[in-house]
Amino acid sequence: MRTAVLLSIPVILFACQSSPSAGHSAEGEASAHCYRKVTGKDTFELQLVVDDTDVKGVLEYNFFEKDKNKGTVSGTLSHNIFRGTYHFTSEGVTSDRPVVFKMMGDQLYEALNNDIDSNGVVVFAKDDAHLTFDPSPYTKTDCR
């Protein structure tokens, strides 16, 4: 699994390279989207490659003077809602947790969890209409 994750990162990063066509796709081609959010001294970055309804990418939460979380995301896109799994490492521990984002033009909003299950895993509303989103968006940026 770790090998698959490591092998997918160069592909994702290559797909997110700035170019005249980055973020634009012809029918049937994958498109790259990169977003950044700065809150105080914390920086969050998300690079997504969208291929129809299939989404893969890299997500990093860089908290000032705290351990950062960095890993991959994968899931599906439906009605501008990306639901996926964040596979990440923090403080030397590898974990998975669900993530939900809403794409609106050049902005991306991260969903706030509705609950936490008995195992400590965040739970989101299954119905998109019942999702709540952080009002502070990620903003689309050039892919590096």
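In case you missed it, the structure is sitting above this.
Reading guide: rules and limits
Residues numbered from 1 in each chain as written. Predicted model: local features only at pLDDT ≥ 70, side-chain atom pairs only at ≥ 80, totals over all residues. Heavy atoms only, no water. Helix = DSSP H or I, 4+ residues; strand = E, 2+ residues; numbered from the N terminus. Polar contact = N/O pair within 3.5 Å; in protein donor to acceptor, adjacent residues only side chain to side chain. Phe/Tyr/Trp six-rings, centres within 6.5 Å; stacked < 30°, edge-to-face > 60°. Buried < 20%, exposed > 50% of the residue type's maximum accessible area, 1.4 Å probe, protein only.

1. What about the side chain of S31?
Examined against the element boundaries, S31 turns out to sit in strand 1 (residues 31–39). Polar contacts involving the side chain of S31 include one to the side chain of H33, which spans 2.9 Å.

2. Examining unusual backbone geometry
A positive phi is found at H79, a non-glycine position, where the angle reads about 55 degrees. One can find H79 in the loop between strand 4 (69–78) and strand 5 (81–90). The phi dihedral of N80 falls on the positive side, at around 65 degrees, and the residue is not glycine. Mapped onto the elements, N80 comes out in the loop between strand 4 and strand 5.

3. Quick look at the packing of aromatic side chains
Within the structure shown, the criterion is met by eight aromatic pairs. With centroids separated by 5.4 Å and ring planes inclined at 70 degrees, the aromatic side chains of F44 and F63 adopt a geometry described as edge-to-face. Taken together, the residues F44 in strand 2 (residues 42–51) and F63 in the loop between strand 3 (54–62) and strand 4 connect sequence positions 19 residues apart. The class for F63 is partly exposed, based on a relative accessible area of 27%.

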